[in-house]
Protein chains: 2
Amino acid sequence: VTLARPTLQHHTPSPLPAGRRDFFAELIDRARALSTVPVAVAYPVTEVALSGALLAAQEHLIRPILVGPEAGIRAAAAAASLDLGATAIVPATDEDDAAKKAVSLCKSGEANALMKGSLHTDTFMRAVLASESGLRTSRRVSHVFVLDAPSYPRLMLITDAAINIYPTLDDKVDILKNAIDLAHALGIVEPRVAILSAVETVNPKITSTLDAAALCKMVDRGQILGAVVDGPLAFDTAVSANAAAIKGLVSPVAGVADVLLVPDLESGNMLAKQLEYLGGAELAGIVLGARVPIVLTSRADSARARLASCAVAALCARAASS
Amino acid sequence: VTLARPTLQHHTPSPLPAGRRDFFAELIDRARALSTVPVAVAYPVTEVALSGALLAAQEHLIRPILVGPEAGIRAAAAAASLDLGATAIVPATDEDDAAKKAVSLCKSGEANALMKGSLHTDTFMRAVLASESGLRTSRRVSHVFVLDAPSYPRLMLITDAAINIYPTLDDKVDILKNAIDLAHALGIVEPRVAILSAVETVNPKITSTLDAAALCKMVDRGQILGAVVDGPLAFDTAVSANAAAIKGLVSPVAGVADVLLVPDLESGNMLAKQLEYLGGAELAGIVLGARVPIVLTSRADSARARLASCAVAALCARAASS
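Residues numbered from 1 in each chain as written. Chains lettered and ligands numbered in written order. Predicted model: local features only at pLDDT ≥ 70, side-chain atom pairs only at ≥ 80, totals over all residues. Heavy atoms only, no water.

### Looking at the overall build of chain A
Filter applied, for reference: The helix and strand labels rest on DSSP assignments: H or I over at least four residues marks a helix, E over at least two residues marks a strand, and numbering proceeds from the N terminus. Restricting the calculation to C-alpha atoms gives the radius of gyration, and the globule rule supplies 2.2 Å times the number of residues raised to the power 0.38. Residue burial is assigned from relative accessible area. The probe radius is 1.4 Å, only protein chains are included, and a residue is buried under 20% of its type maximum, exposed over 50%, and partly exposed in between. For this analysis, residues touch if any pair of their heavy atoms sits within 4.5 Å. Asp and Glu count as negative and Lys and Arg as positive, but His and the ends of the chain are not part of the count. We put the charge of a Lys on NZ, of an Arg on CZ, of an Asp on CG and of a Glu on CD.
Secondary structure summary: chain A contains eleven helices and eleven strands in total. Compactness check: chain A gives a C-alpha radius of gyration of 19 Å against a globular reference of 20 Å for 322 residues, within 12% of the reference. For chain A, the C-alpha atoms occupy an extent of roughly 65 × 50 × 35 Å along the three principal directions. Burial analysis of chain A (322 residues in total) assigns 57% to the buried set. Excluding contacts between residues fewer than 6 apart, the proportion of contacts in chain A whose partners are at least 24 apart in sequence is 73%. Of the side chains in chain A, 29 bear a positive and 32 a negative charge, and the two mean positions are spaced by 3 Å.

Printed below as a string of C-alpha cells:
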C-alpha cells in the first residue's frame, strides 16, 4: 500500500454557481443529523492535525478520541488557542504506539472511525494493515476522493487515485464495491458508475477496457450489486451527455456518472488534481475496505474539506453499523 | 494452424424425431436454389475424395474443378464406377502442385470455394495460408462445425473446434465474426451466440469468462455486429432455458443459442465429438476467414454430411459475392 497524496499548496475552490446545490454542505448536514461518531485520532500533535478533529467535534460530526503523548497534544492546542474541553485523550508514547492504540480502539469498537493525525502515513497505514492487530477485512483497502466540482451538477466520487497503484481486476472488484457502499452511505441510492479508460470500445491491448467489460458483466450476473455500471468510457462521455450523443454512444451512465473508477493511480491522481487545481473542485477523501472508515486528511485541505471528510467518515460508520 | 480432425470411424447419426425440421435437408435445398458454385477440388485421387465432389455436383450444389494428376483422378473414378462426364480437370503433378493450383483458381476468381481432396491437410493448408500466393485476408482463419443434433431444436454452429488451439481474445473476435457471417449466409438473420465457459459468472482466474465479457461489450459498442451475444454461459444454460431458469440466469441467448463459441480447441473438439458420437448429431464443417470458404471433409463423413458441407460452402460463397 502506498499513498500518493503529496503535500499541496493550500487551495481555494471556486465558488458554486448561484442556485447550485452545495453537496459538501449537504453531506455535513446529513452527518450532523446522526448520532455523533466516536473517532480515534492518531497522533494529533500539530495545530493542523488537531484543529481538523476539534472543528469536526464542534460541528457535532464526530467525537474525537485523541491518541498520543498528552503533553504534545496539549502543547499543540495551546499554540493554536484551541480548547480541548472534555475531549478524551488516550496516552501513547510515540507515532507507532499512537497508531497501534488508535487502531486498537477501532478494533474493540470504542471508536467507529479512524483519523490520521500528524504522524507519517507509512507508520499509520502499517498499523492499519497489520495482519493480526490491524483492521483488514476480506475487502481490499481503497481510497475514494469525494469531489464537488462547480462545473459538474453531481457529487463526484473518484477511485482509486491514492492507494492502489496498478490494481488488478480482482482489486478493481473491491475498489468498485467499496465505492458503491460509499455512494449508498452518502445517500446515492443507485449510483451510476463509469469505468474509465481512454476509449469507449474494447481494445485487447488496453487492459482497462478489458477490466471494464469484465466488471460490467459481473454486474449483469449479480456478482456486484447496487449500482448501474458501464465502461469502458472516456472521461468526456462519462461526464457529458452531449459528448456521448456526438459519439453515438448509448449508455445509462454517460453524462450522469456519480462514480469514476479510474484505470490506475497515475491517471486517477492526475484527474483528481486537475479537477482541484484547474477545475475549482473541493476534495474530501476516505479510505474504505478496512473495519472502519479512515480519514487521511492532507495538510493542504481546507477547513471545509476536512469537515466534509469527517462527515463522509461519519456517514460510512453509521451506514456500516445500521 | 493445426487441424484436429482425426480419422473417424464412419458414424451413423440418429434419426430425427417425427415432425422435426431436417436442417441439413433445408441447407441442401437452399444451396440448390442458387446458381451452381465453381469449387476447386485439390488432389481428389481416392474414391472417397472424388465421390464427395461428384455427388455434390449431381445434386447441383457445386461445379467441381478437379485439380490433380489426370491419370490418378480417372483411375479413382474408374475404381469407384463414377462417371466424370464433362467435369473440368486442371492437371497438377503432385499434392503440393495441386494445392497451389487449386488455391490459385480461387484467387483468380475461377473458383469461389475450395475443397480438400485426398492430400495431406498440412500440404493443403500451407498453400491456403501462404502469405503471397495464398488466400489469407485480414480475418483470422477459423473452423465452424455445423451440427444437427436430434435433441436440440435448432441448427447448431460450434467454433472453433478444429483450427485455433488456444485463441486469444483478438483471435476470438475473428472467430466470432466468421461464425456470425456464416449464420447469416445460412439464413439465420440474427444469430444468438453463447460464449461458452464452465460458469456463468466472471472469474478473473478463468480466461474464457474474461474473454466472454470483452466480446459482449464489443457487441454493446458496435465493434461486432449482426448477432445477439451473451457469455460466459456454461453449456447447460446455452442450450436449456430450463437450466437457465433454475440458475436464475436472465439472458437473451440462454436456451436458444445458434452459435457456441468455445474457449479452445480441446473443449470444442470434445463437445463436437460428444454430440456426434453420443448425441447422434450429424456434422458438417467449413473453414472461414480466407478469401473463399473451404471444405475440409473427413474420410469418416457420411454422404449427407459431405453434401451439407458443400451446401454450406456454396451458401457462404454466394453470400460473399452478393
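### Considerations on the confidence of the model for chain A
All names here are of chain A. The line we're drawing: Each residue carries a pLDDT score, the predictor's own confidence in it, on a scale running from 0 to 100.
Averaged over every residue, the pLDDT of chain A is 93; the share at 70 or more is 97%. pLDDT under 50 marks residues 5-9. Its contacts with residues more than four places away, or in other chains, come to 14 contacts. Overall fold confidence for the complex sits at a pTM of 0.85, while the interface term, ipTM, reaches 0.77.

### Regarding the pattern of salt bridges
Spelled out, the test is: In what follows, salt bridge is the name for a side-chain nitrogen of Lys or Arg lying within 4 Å of a carboxyl oxygen of Asp or Glu.
Under the definition given, this model contains 36 salt bridges over all chains. When the shortest N-O distance is used, the salt bridge between Glu200 of chain A and Lys247 of chain A registers 3.2 Å. Here Lys247 of chain A lies in the loop between α9 (241-246) and β9 (259-261) and Glu200 of chain A lies in the loop between β7 (192-196) and α7 (207-220), a separation of 47 residues in the sequence. Glu26 of chain B serves as the salt-bridge partner of Arg21 of chain B, at 2.8 Å between the closest nitrogen and oxygen. The class for Arg21 of chain B is partly exposed, based on a relative accessible area of 48%. On the accessibility criterion, Glu26 of chain B (31% relative accessible area) is partly exposed. The network of salt bridges with common partners includes Lys217, Asp220 and Arg221 of chain A together with Asp230 of chain B.

### Some words on the packing of helix α4 (residues 95-108) of chain B against helix α5 (residues 121-129) of chain B
Residue and element names in this part refer to chain B. Note the cut-off: Each axis is a line fitted through C-alpha atoms, taken for helices only over the stretch in contact, and angles between the N-to-C directions span 0 to 180 degrees. A crossing counts as left-handed when the near helix is turned anticlockwise from the far one by less than a right angle, and as right-handed when that turn is clockwise. Amino acids are sorted into nonpolar (Ala, Val, Leu, Ile, Met, Phe, Trp, Tyr, Cys and Pro), charged (Asp, Glu, Lys and Arg) and polar (every other residue, Gly among them).
Between α4 and α5, the shortest axis-to-axis distance is 9 Å and the interhelical angle comes to 35 degrees. Here α4 and α5 pass one another in a crossing that is right-handed. Across the interface between the two elements, Glu95, Asp96, Ala99, Lys100 and Val103 from α4 touch Thr123, Phe124, Ala127 and Val128 from α5. Residue composition of the contact of α4 with α5, grouped by class: five nonpolar, one polar and three charged.

### Focus on the relation of the copies chain A and chain B
As a reminder of what qualifies: To line up the copies, we fit them by least squares on C-alpha atoms, keeping just the residues with pLDDT of at least 70 in both.
For the pair chain A and chain B, the superposition axis carries a translation of 0.0 Å, the fit reaches an RMSD of 0.0 Å, and the rotation angle comes to 180 degrees. What the rotation and shift describe, once combined, is the action of a two-fold rotation axis. Relative to the rotation axis, the C-alpha of Ala213 of chain A is the closest in chain A, positioned 2.7 Å from it. When you check the interface residues of chain A against chain B, 100% turn up at the interface there too, and the contact is symmetric in its surfaces.

### Brief notes about the interface of chain A and chain B
Note the threshold: Buried area is a sum: the accessible area each of two parts loses on coming together, probed at 1.4 Å, counted once for each and added. In protein, a polar contact means a hydrogen-donor-capable atom and an acceptor-capable atom, both N or O and within 3.5 Å, with residues adjacent in sequence counting only if both atoms are side-chain atoms; elsewhere, any N or O pair within 3.5 Å suffices.
Each partner contributes to the interface: chain A provides 20 residues, whereas chain B provides 20 residues. Of the roughly 1500 Å² buried where chain A meets chain B, counting both sides, 58% is carbon and sulfur surface. At the boundary of chain A with chain B, the tally comes to four salt bridges. Salt-bridge contacts for Arg221 of chain B lead to Asp230 of chain A; the nearest nitrogen and oxygen are separated by 3.2 Å. Where chain A meets chain B, there are twelve residue pairs in polar contact (both at pLDDT 80 or more). Elements supplying a minimum of two residues to the side of chain A that touches chain B: α6 (169-185), α7 and β8 (228-233) of chain A. If one sorts the elements of the side of chain A that touches chain B by residue count, α7 of chain A sits on top with six residues. Each residue belonging to the side of chain A that touches chain B can be placed in one class, and the counts come to eleven nonpolar, three polar and six charged.

### Remarks on unusual backbone geometry
Of the consecutive residues Thr159 of chain A and Asp160 of chain A, the connecting peptide bond is found in the cis state with omega at -10 degrees. Inspection of the secondary structure puts Asp160 of chain A in the loop between β6 (156-159) and α6. The peptide bond linking Gly231 of chain A to Pro232 of chain A adopts the cis configuration, its omega dihedral lying at 0 degrees. Phi angles above zero are rare outside glycine, and Tyr43 of chain B is one such case at about 60 degrees. Considering the arrangement of structural elements, one finds Tyr43 of chain B in the loop between β1 (37-42) and α2 (47-58).

### Regarding the pairing of strand β10 (residues 282-288) of chain A
Residue and element names in this part refer to chain A. Stated precisely, the cut-off is as follows: Note: two strands are recorded as paired if DSSP finds a minimum of 2 bridges between them.
Across the seven residues of β10, seven count as buried, placing the element largely inside the fold. Neither face of β10 is open: one carries Glu282, Ala284, Ile286 and Leu288, the other Leu283, Gly285 and Val287, and all of them are buried. Pairing of strand β5 (residues 142-148) with β10, which is carried by seven bridges, proceeds in the antiparallel orientation. Bridge assignment links Leu147 to a residue of β10, and that residue is Leu283.

### Concerning the pairing of strand β3 (residues 88-91) of chain B
Residues and elements named next belong to chain B. Going by this rule: For crossovers, right-handed means that the path from the first strand over the helix to the second runs clockwise, given strands pointing away from the viewer.
Summarising the sheet, strand β2 (residues 62-68) and β3 pair through four bridges and their orientation is parallel. Residue Val67 lies in a different strand from β3, and its bridge partner there is Val90. At this point the chain moves from β2, through helix α3 (residues 70-79), to the parallel β3, and the crossover so formed is right-handed.

### A short note on helix α2 (residues 47-58) of chain A
Formally: Given the number of residues in a helix, its expected span is that number minus one, multiplied by 1.5 Å.
In a regular helix each residue adds 1.5 Å, so twelve residues correspond to 16 Å; α2 of chain A covers 16 Å between its end C-alpha atoms and thus fits that length. Residues of α2 of chain A that are buried in the fold lie against β1 (37-42), β2 (62-68), α3 (70-79), β4 (113-116) and α11 (303-321) of chain A.

### Digging into the environment of Thr168 of chain B
Residues and elements named next belong to chain B. Inspection of the secondary structure assignment puts Thr168 in the loop between β6 (156-159) and α6 (169-185). Judged by relative accessible area, which is 41%, Thr168 ranks as partly exposed. C-alpha of Thr168 to C-alpha of Ala311: the two residues are 143 residues apart in sequence and 30 Å apart in space.

### A few points about α7 of chain A
The terminal C-alpha atoms of α7 of chain A, which comprises 14 residues, lie 20 Å apart, in line with the 20 Å expected from a rise of 1.5 Å per residue. Of all 14 residues in α7 of chain A, eleven are buried, a share of seventy percent or more. For α7 of chain A, the set of buried residues is Ser208, Thr209, Asp211, Ala212, Ala213, Ala214, Leu215, Cys216, Lys217, Met218 and Val219 of chain A. Next to the buried residues of α7 of chain A lie α6, β7 and β8 of chain A together with α7 (207-220) and β8 (228-233) of chain B.

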